[in-house]
Amino acid sequence: MSKPHTTWKGSQYDHTVPTVADRVAQTVVRMYLEPSVEPVFHPDSYGYRPGKSALDAVGVCRQRCWRSDWVIDLDIRAFFDSVPHDLVLKAVAHHTDQKWILLYVQRWLTAPLQGRDGTLVARDRGTPQGSAISPLLANLFMHYAFDLWMTRQYPGIRFERYCDDVVVHCGSERQARHVRDAIAARLAQVGLELHPDKTRIVYCKDDDRPGSYERTRFTFLGYEFGPRLAKNRHGKHFVSFLPAVSTDAKKAMGREIRSWHLARRSDKSLDDLARMFNSIVQGWINYYGRFYRSELLYFLRRLNTHLVRWANRKYKRLKRRERRAMAWLAEIARRSPRLFAHWRLGARPDGWAMGAG
């Protein structure tokens with residue numbers, strides 16, 4: 001037996017966090033189970049799977065929104081805290097007869113939660129958050145609880161699932177309402193609940209679908225899908241239904257940028273700042289710049305404002321002269337256009353915006 005778990009802050013309890021010994025054991029079990037479950041998983045299950053990514057799910061969702069007029073944006077209430085242990089163990093047992101695996105999984109699932117007052121709380125549901133095995137267990141559960149059920153009940157309806165984040169495509173509002181209610185009933189059978197306020201039926205509005213409906217936007221994996229201006233190959237503008245970096249994602253990136261306190265780092269050079277933060281910004285570009293890049297480009301321009309404030313503090317001749325500082329920064333960008341990751345994208349202070357499609 002390994003040492004007791006340490007804990008991390010959760011919404012209701014301080015969820016158990018696996019020790020190093022548990023992480024090693026969970027990784028061994030995951031490596032043992034994965035080869036047997038991967039071949040049976042649904043092709044539209046994208047979360048935490050080798051060879052699949054969130055961006056793959058966003059790209060497929062984009063194409064299907066062009067073909068189907070309606071979307072069900074599913075929100076499962078407290079998924080990781082609600083998964084019934086008996087059904088998880090039943091799913092695992094379907095793929096292995098190794099008793100040591102079943103015993104380990106049962107032990108991890110039932111490890112008590114430590115309350116904020118230090119008391120231990122027994123549980124009969126929920127997956128161990130922060131563990132190496134949790135994503136596989138969640139996928140295995142949802143494979144039987146949702147994916148296979150959808151395939152049997154609605155073989156003509158397509159969906160994308162990233163763990164508990166699910167988008168379902170329908171041909172009509174009536175069909176969407178029927179399928180939503182059927183999914184809610186199915187999830188109730190397996191111990192889950194659709195959030196009644198956050199689960200939404202959305203119309204995929206564009207120039208070819210001009211109807212007026214209450215909801216024409218939804219968010220999936222950090223991208224907000226909605227009607228957006230696009231340009232065809234002949235240069236003509238039209239409205240298409242497209243994903244772009246979401247408002248919540250921009251708020252999170254904005255908080256991260258403010259936490260850097262660039263203006264206070266007057267002891268650093270521009271090269272230092274680039275080395276310190278380029279990898280983070282490049283990660284944002286790699287993910288949120290895949291679709292409708294101009295929205296991310298517009299957001300990242302604010303980084304130049306932070307660099308201007310840094311220059312105001314560092315150089316006396318630029319103090320309280322933002323316009324002059326911006327011109328100085330623009331000249332550096334012209335000389336070294338690849339210094340900062342967002343400059344390489346096109347968010348340069350001189351207004352140049354190549355690659356902003």
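Here the structure is a predicted model, which is why all the values come from computation and not from measurement. (Residues numbered from 1 in each chain as written. Predicted model: local features only at pLDDT ≥ 70, side-chain atom pairs only at ≥ 80, totals over all residues. Heavy atoms only, no water.)

Draft legend 1. Structural view of the sheet that holds strand 3 (residues 70-75). The four strands lie next to each other as 6-7-3-8, forming an open sheet whose pairing is antiparallel. Every interior strand has two partners, whereas the edge strands, strand 6 (159-162) and strand 8 (200-203), have only one. Each strand of the sheet is rotated relative to its neighbour by a mean of 15 degrees, with strand direction disregarded. As judged from the four bridges shared by strand 6 and strand 7 (residues 165-170), these two strands associate in the antiparallel manner. Paired with Phe159 across the bridge in strand 7 is Val168. Each of strand 3, strand 6 and strand 7 touches helix 2 (residues 54-67); the most contacted strand, strand 6, lies at about 160 degrees to it. Packed on one face of the sheet, helix 6 (residues 134-153) meets strand 3, strand 6 and strand 7 and runs near 170 degrees to strand 6. (Pairing = 2+ DSSP bridges. Helix = DSSP H or I, 4+ residues; strand = E, 2+ residues; numbered from the N terminus. Axes fitted to C-alpha atoms, helices over the stretch in contact; angles between N-to-C directions. Contact = heavy atoms within 4.5 Å.)

Draft legend 2. Quick look at the side chain of His85. Along the chain, His85 falls in helix 4 (residues 85-93). Each residue touching His85, except ones within four places of it in the same chain, is listed here: Leu109, Thr110, Arg123, Asp124, Arg125 and Gly126.

Draft legend 3. Looking closely at the nonpolar core. If you look at the biggest cluster of nonpolar residues, it comprises 54 residues, and the most contacted ones within it are Phe218, Phe225, Leu270, Leu296 and Leu300. Excluding anything up to four places from it in sequence, Phe225 contacts Val58, Cys61, Arg62, Cys65, Thr216, Arg217, Phe218, Phe220, Phe241, Leu242 and Pro243. In terms of nonpolar packing, the next biggest core, distinct from the first, is built from 47 residues, Ala25, Phe79, Phe159 and Val168 among them. (Core = buried A, V, L, I, M, F, W, Y, C linked by side-chain atoms within 4.5 Å. Buried < 20%, exposed > 50% of the residue type's maximum accessible area, 1.4 Å probe, protein only.)

Shape descriptors only; they carry no functional weight alone.
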